[in-house]
Amino acid sequence: MSPAGRYAPSPTGDLHVGNLRTALLAWAFARATGRAFLLRVEDLDRARSGSAERQLADLAAIGTDWDGDVVVQSARGTLYEEALHTLRERGLVYECFCTRREIAEAASAPHAAPGAYPGTCRNLDDAERATRRASGRPPALRLRAAVDAFTVHDVIAGHWTGPVDDLVLVRNDGTVAYNFAVVLDDGELGIDQVVRGDDLLSSAPRQAYLATVLGLTPPTYAHVPLVLGPTGARLAKRDGAVTLRDLVAAGSSVADVVGMIADSLDLPGVRTAAGLLAAFDPAALPRHPWTFTPESSTPVRAAGR
Ligand code: GLU
């Protein structure tokens, strides 16, 4: 299996320029380092019908290409079930009956690690578990973690240490949890380079730790700055014309959009994915967030590369 990078969108709507920028970066990181590049549709959760097809069309339109078939998480249930079975056999899975509210309350107690699951259900005895089961609330399944922090290597953040808790493997509605699926998929697909938005940096220690528990080598990460909208908050659809289709409908060409993304990466004059790859220097990647305003999308007529 050749080493690979990937882009793994959730099909919840059209990709906006921030997502397209992250996708172009993930593609450029992989291609610039001789890796394969895979696309994975993360549709375990809130998939919107037709959204994956539109995302893939937009990714192709901006010039990214990928190797092999698109990987679709909803078709990979056996992989997740087998891994869960193995973890159970190793005694590393327990049932958690806590509601969000109970977790929030317990997590706000003095000395609790911020945002971490406080372990309420970790050591329930059989009688307590039977009482909780009888209440009718289906349990989530959590990992019995042996550490409370883990260090990842990130090309941008450096060696980065963050909290690890007893993360959810399967939600109480039976859905395989994002962290579990991502780690299993990345491991099984030979992905050793994960490039994604820096909103997920805080999840990386949990995921990397879980990888080691599963006997996998954690990938190298590059968590790239998110794109902000005009209000300074993370760019969102409500910020107006932000998807490729919106921008094209408003008069930009696809090359204009790629050019705008390249400008934000301090690569002026680049207007194609191939040009971006040729000029790409991971070490020179801007470390600050890019604020996308309507003016950012004013077509800049520059020489093509
Ligand atoms: N599917 C996740 C998202 O769209 C990304 C997961 C990842 O890259 O690890 O936010």
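Further up the page is the structure itself.
Presented here is a report on the structure given in the accompanying data block. Everything numeric here is computed off the predicted structure, so don't read it as measured data. (Residues numbered from 1 in each chain as written. Predicted model: local features only at pLDDT ≥ 70, side-chain atom pairs only at ≥ 80, totals over all residues. Heavy atoms only, no water.)

**A few points about the site of the ligand**
In the vicinity of the ligand, the residues found are Arg6, Ala8, Pro9, Ser10, Glu42, Tyr178, Arg196 and Leu200. Contacts to the ligand include Arg6, whose side-chain N or O atom sits 2.6 Å from an oxygen atom. Within the side chain of Tyr178, a nitrogen or oxygen atom sits 3.0 Å from an oxygen atom of the ligand. Relative to its free-state accessible area of 300 Å², the ligand is covered by the protein chains to the extent of 76%. Among the residues forming the shell around the ligand, the class breakdown is four nonpolar, one polar and three charged. (Near = heavy atom within 4 Å. Polar contact = N/O pair within 3.5 Å; in protein donor to acceptor, adjacent residues only side chain to side chain. Areas by Shrake-Rupley, 256 points an atom, 1.4 Å probe, with all protein chains shown as cover. Nonpolar A, V, L, I, M, F, W, Y, C, P; charged D, E, K, R; others polar.)

**As for the sheet that holds strand β4 (residues 93-96)**
The antiparallel open sheet is built from three strands, whose spatial order is β4-β5-β8. In the strand order of this sheet, the two ends are held by β4 and β8 (168-170), each with one partner. Adjacent strand axes in the sheet meet at a mean angle of 45°, parallel and antiparallel pairs treated alike. By the bridge criterion, two bridges tie strand β5 (residues 140-143) to β8 in an arrangement that is antiparallel. The residue bridging Leu141 from the neighbouring strand is Val170, located in β8. (Pairing = 2+ DSSP bridges. Helix = DSSP H or I, 4+ residues; strand = E, 2+ residues; numbered from the N terminus. Axes fitted to C-alpha atoms, helices over the stretch in contact; angles between N-to-C directions.)

**Considering the pairing of β5**
Side-chain alternation along β5 places Ala140 and Arg142 on one buried face and Leu141 and Leu143 on a second face that is also buried. The pairing of β4 with β5 spans four bridges and is antiparallel. Looking at the pairing, Cys96 lines up with Ala140 of β5. (Buried < 20%, exposed > 50% of the residue type's maximum accessible area, 1.4 Å probe, protein only.)

**Quick notes on the packing of aromatic side chains**
By the definition in use, this model includes three aromatic pairs. With centroids separated by 5.1 Å and ring planes inclined at 75°, the aromatic side chains of Phe29 and Phe280 adopt a geometry described as edge-to-face. One end of the pair, Phe29, is in helix α1 (residues 17-32); the other, Phe280, is in the loop between α10 (273-279) and β12 (290-291), and 251 residues separate them in sequence. For the pair Phe29 and Phe280, one class covers both residues: buried. (Phe/Tyr/Trp six-rings, centres within 6.5 Å; stacked < 30°, edge-to-face > 60°.)

**Remarks on the packing of helix α3 (residues 77-89) against helix α6 (residues 178-188)**
Packing of α3 against α6 leaves a shortest axis separation of 10 Å and a crossing angle of 105°. Taken together, α3 and α6 sit at an angle that is classed as roughly perpendicular. Contacts from Leu79, Tyr80, Ala83, Leu84 and Leu87 of α3 reach α6 at Phe180, Ala181, Leu184, Asp185 and Glu188. (Parallel < 35°, antiparallel > 145°, perpendicular 65-115°, else oblique. Contact = heavy atoms within 4.5 Å.)

Shape is all these values report; function is a separate question.
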